[in-house]
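Working through the structure, step by step
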Amino acid sequence: MKNIILIFACLVFSIGKAQINFEKGYVITSNEVRKDVLIQNHYNMDKIGIVEYRVNEDSDIIKATVNEVLEFGIGDDIKYVSRDVEIAVPGTGNSKVETNKDPILVSKRVFLKVLLEGDASLYEYTPGGQTRYYYSTPENNEIQALIYRKYSNKDNKILENTQFKKQLFDDLNCANVTSEKLRKTNYSTNNLMKYFKEYNTCVNSNSTSYFVKDSKMKLNLNIKPGINYSTFQLTFGSVSGNSREFSEKSSIGFRPAVEAEVVLPFFKNKFAVFAEVAHLSFDYTENRYDQEVSVSFSSLEIPLGLRYYMFLTDNSKLFIDAAIVPVTNFNSEVNLQNYEIKLTNKPYIQSGIGAKFLDKYSAEIRYSWSRDIIESKDRLWFSEFSSIGVILGYTLF
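So, a few notes on the structure that sits alongside this text.

Criteria and thresholds
Sequence order as written defines residue numbering, which begins from 1 separately in each chain. Given that this is a predicted model, residues contribute local features only at a pLDDT of at least 70 and side-chain atom pairs are listed and counted only at 80 or more, while totals for whole chains, interfaces and linings are drawn from all residues. The basis for every side-chain value is the complete set of non-hydrogen atoms in the structure, without hydrogens or water. Each residue is placed in one exposure class: buried if its accessible area under a 1.4 Å probe, protein chains only, is under 20% of its type's maximum, exposed if it is over 50%, and partly exposed if it falls in between. Secondary structure follows DSSP: runs of H or I at least 4 residues long count as helices, runs of E at least 2 residues long count as strands, and numbering of each begins at the N terminus. It is the directions from the helix axis to the C-beta atoms whose arc is reported. A pair of strands counts as paired when DSSP detects no fewer than two bridges linking them. Any two cysteine sulfur atoms lying within 2.5 Å of each other are counted as a disulfide.

1. Side note on helix α3 (residues 163-171)
Among the residues making up α3, those that are buried are Phe-164, Lys-165, Gln-167 and Leu-168. Taken end-on, α3 shows its buried residues confined to a sector of 160°, consistent with a single buried face.

This is how it looks when you write it as structure tokens:
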């Protein structure tokens, strides 16, 4: 069963890698030729300085550097430009606080992410996890860095170099700009975009935003019946020494369940958290070693987990998930003459892979990892219990 999970997981990832990351877009090459292509949407294209694209779905992947592409975009939401700009050289401090007030700037060609275009345009560059902002104006088409820097003085006091506010006042000063507005403007995407939009409005210029706000959270309620194939083995004695193993028994049972899923409002709704309520049962009886043993196992399980979606189309997607499963046993017992054997309520781990179609129907293979369900104080009894389930789902809303 584990091999089936592994093979299916490899299939999911290969399909996902082949189909999910490439989105419709365009590139403008260094010789100013525009091409409509399929672009692999990385979140760190400005950091790696490479854009990967295909001319069509069947063509080879082309890797273009900042020197080979002037501009590229994905849909209506993402746009990058390749420019020579001044980059701050890391100083002697840590990644967030430097020891010098003023940065040392060197020229480098990079991909800048366009946040807003107009008479005044705003750009973003994120090297090493730190976001830096750049701007251009009609008077100066050369893209310049907005300077902001945290630094420590000789007394180890943390100070701020907010030169970007003076740059805004000198280069983007309109009738609606006040010292109070500048004082409240922080070195952040939201604050700077608001300032640039207000400036463009003040000078009668339209603004085009490429900053995609996270969507709202979405709640789904899913009915998820399934079939479980469960295996159980009971062992008496020492795990490392002499022991008696009862037969490994398997059983197929119905698994009713209902799930609440919250699709998270970031990374293009690719992540979700879920909580499920499911019922699991297992029964068997056997005679061995001149003893009759009967197992009746019934539990209420509440998987709490994280799910990752890989989109094939707008309403069809593959997914993988993992969950920790708190367990409540009821009407569960192991009957064996002369022994009292109790079952534990310890949580365990599940993982699954599947697909969802038309945002309504889903199919999943879920594996419950092997665990000991016996609570034996003297550790004379041990067990191995695992299950694999085929789960169908229907989204009510």
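On we go from here.
2. A closer look at the pairing of strand β1 (residues 22-29)
Two faces belong to every sheet, and in a regular strand the side chains alternate between them. The buried count for β1 comes to six of eight residues, which makes it a mostly enclosed element. Relative to strand β2 (residues 34-40), β1 is paired through seven bridges, and the arrangement is antiparallel. Opposite Val-27, over in β2, you have Lys-35 as the bridge partner. Where β1 hands over to β2, the hairpin turn is made up of four residues, of which Glu-32 adopts a positive phi near 65°. Here β1 pairs with strand β5 (residues 69-74) via five bridges, running antiparallel. Bridging from a neighbouring strand, Val-27 pairs with Phe-72 of β5.

3. A word on the state of the cysteines
Within this structure, the stated rule accounts for one disulfide. Across the disulfide, Cys-174 is cross-linked to Cys-202 (sulfur-sulfur distance 1.8 Å). Across the S-S bond of Cys-174 and Cys-202 the torsion is about -75°, and the bridge reads as left-handed. With Cys-174 in the loop between α3 and α4 (179-184) and Cys-202 in helix α5 (residues 189-202), this pair connects stretches of sequence that are 28 residues apart. Since its relative accessible area comes to 15%, Cys-174 is described here as buried. Judged by its relative accessible area of 27%, Cys-202 is partly exposed.

Take it as geometry only, folks, not as evidence of what the structure does.
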